[in-house]
Amino acid sequence: MTDATTTGAPVRPIRRVLGIETSCDETAASVVEDGTTIVSSVVSSQIDLHARYGGVVPELASRAHVELLTPVLADALEQAGSDHAGRGVDGIAVTHGPGLVGSLLVGVAEAKALSMAWGVPLVGVNHLEAHLFASLLEQPDLGWPLVVLLVSGGHTMLIEVAAPGEYRIMGGTIDDAAGEAFDKVARFIGLGYPGGPAIDRLSPEGDPAAYAFPRSMPGDGYDFSFSGLKTSVVNRVRKQPDAATADVAASFQEAVVDVLVTRARAAAAAVGARAICLAGGVAANSSLRARIEQACADDGIGAFLPSRALCTDNAAMVAAAGHWRLVHGDRSRLDLAADPNLRLVSTV
Ligand code: KG4
Ligand code: ZN
């Protein structure tokens, strides 16, 4: 697709998009071609920086993005055969929300500067929409409608996707996000940060039926609640300090996965979804992946599980979502703002 500048002069078609992601504690840049081929993807995690505090410290995160973004960008551009002049890059996509405002601002400011310097269009991308596009990078011919279970450190949502850009939020958490529950429980039982991968690794050594933690499913719809589960784990460990950590981890994980799978399955049935798609950091969880695959097979629908690297925050998904937006004519101006509370809304 070729579009025109305001003077009517043709500009180059959008093939290669540079994506920039700095919404939380990953500094990432990636070049994606035609919205589906990852040419380069560089992710620098700040996990070590935040681990000693047991969670992301916003002020430290934004300072680290300032230090890391330039080398991460240089790396992603070099691996894509480009350079500091943006040779071969046709557009720039940047996460502008939701997330930590100071962190978002670092990426947004850089993206604006590069767009101006290189003379290529800029588009602000919703981080949640970017997670939805992670699946499309590996499965470009996904059928619609889909139900996406988006489970990350900040969000737990069931979203009906009728087509790219057409979203309906069916349900979400009324308190903690699933990833947040993993992180808080892991910290309490001494597994460190980030908690999700630690609980995932330890759980196979424990008995998932050792403790019957509550499976809270608020309301008749598709909402979630994890704070009662977290409290129940804390109470159990306080009452029984010698409980095997692996049993607690496995039983907690089993409870989270049970409710996620039950509600995702019901949501998919309600809208006649052709598949359930996982997105977000918690989608890297081995038990969730296995259980969703089994549930979808039982229900005769597809299961799309992005590779683990594409589940957690990365810039390839931002570039993919940005490519779709740019070829559909979306352009952000240089006054694009970072919006920590940006909502996912349909745009078509
Ligand atoms: O999507 P993401 O990288 O960042 C946000 O946008 O939040 O998700 C990070 C979250 C963290 O809470 C982390 O503990 C969780 O995803 N996570 C996992 C696993 N890998 C990451 N949770 C459960 N099992 C995993 N294997
Ligand atoms: Zn994320």
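Please read these numbers as outputs of a predicted model, since none were measured by experiment.

Draft legend 1. Representation of the domain arrangement of the chain. Assigned domains within the chain: domain 1 (5-133 + 311-332) and domain 2 (143-307). With centres defined by C-alpha atoms, the gap from domain 1 to domain 2 works out at 28 Å. Across the boundary between the two partners, domain 1 contributes 17 residues, which contact 20 residues of domain 2. The contact between domain 1 and domain 2 buries some 1,400 Å² in all, and 73% of this surface belongs to carbon and sulfur atoms. When the area that domain 1 buries against domain 2 is broken down by residue, the three leading residues are Leu128, Leu132 and Cys311, summing to 45%. Seen at the junction of domain 1 and domain 2, the total is 0 salt bridges. At the boundary of domain 1 and domain 2, one finds 4 residue pairs in polar contact (both at pLDDT 80 or more).

Draft legend 2. Highlighting the nonpolar core. Leu149, Leu158, Phe226, Phe252 and Leu288 are the most contacted members of the largest nonpolar core, which has 47 residues in total. If you list the elements that add at least two residues to this core, you get strand E6 (146-151), helix H5 (178-188), helix H6 (195-202), helix H7 (227-239), helix H8 (245-271), strand E9 (275-279) and helix H9 (286-299). Ranked by residue count, the leading element in this core is H8, at 14 residues. Beyond its immediate chain neighbours, meaning those up to four positions away, Leu149 contacts Met157, Leu158, Phe224, Leu260, Ala264, Cys277, Leu278, Ala279 and Leu288.

Draft legend 3. Main features of the sheet that holds strand E2 (residues 26-33). Read across the sheet, 5 strands follow the order E3-E2-E1-E4-E5 without closing on themselves; strand pairing throughout is mixed. Looking along the sheet, the strands with just one partner apiece sit at the ends: strand E3 (37-45) and strand E5 (122-126). Neighbour-to-neighbour, the strand axes of this sheet turn through a mean angle of 20°, independent of strand direction. Strand contacts of helix H3 (residues 101-118): strand E1 (16-21), strand E4 (91-97) and E5, with the helix running at about 160° to E4, the strand carrying the most contacts.

Draft legend 4. Looking closely at the packing of aromatic side chains. Scanning all chains against the criterion turns up 4 aromatic pairs. Note on Phe133 and Trp324: the rings are 6.0 Å apart at their centroids and 45° apart in plane angle, and the pair reads as tilted. In this pair, Phe133 sits in helix H4 (residues 127-138) while Trp324 sits in helix H11 (residues 316-327), placing the two residues 191 residues apart along the sequence. In this pair, the class of Phe133 matches that of Trp324, namely buried. Taking the centre distance of 6.1 Å and the plane angle of 10° together, the rings of Phe224 and Phe226 count as stacked.

Draft legend 5. Structural detail: the pairing of strand E7 (residues 156-163). Burial within E7 is extensive, with 7 of its 8 residues counted as buried. Bridge count between E6 and E7: 6 bridges; the pairing is antiparallel. Counterpart to Val147 in the pairing with E7 is Glu160. Linking two consecutive strands that pair antiparallel, namely E6 and E7, is a turn of 4 residues. By the bridge criterion, 6 bridges tie E7 to strand E8 (residues 166-172) in an arrangement that is antiparallel. Among the inter-strand pairings, Ile159 is bridged to a residue of E8, identified as Ile169.

Basis of the calculations
Residues numbered from 1 in each chain as written. Chains lettered and ligands numbered in written order. Predicted model: local features only at pLDDT ≥ 70, side-chain atom pairs only at ≥ 80, totals over all residues. Heavy atoms only, no water. Domains from an automatic or database assignment. Contact = heavy atoms within 4.5 Å. Buried area = accessible area lost by both parts, 1.4 Å probe. Salt bridge = Lys/Arg side-chain N within 4 Å of Asp/Glu carboxyl O. Polar contact = N/O pair within 3.5 Å; in protein donor to acceptor, adjacent residues only side chain to side chain. Core = buried A, V, L, I, M, F, W, Y, C linked by side-chain atoms within 4.5 Å. Buried < 20%, exposed > 50% of the residue type's maximum accessible area, 1.4 Å probe, protein only. Helix = DSSP H or I, 4+ residues; strand = E, 2+ residues; numbered from the N terminus. Pairing = 2+ DSSP bridges. Axes fitted to C-alpha atoms, helices over the stretch in contact; angles between N-to-C directions. Phe/Tyr/Trp six-rings, centres within 6.5 Å; stacked < 30°, edge-to-face > 60°.

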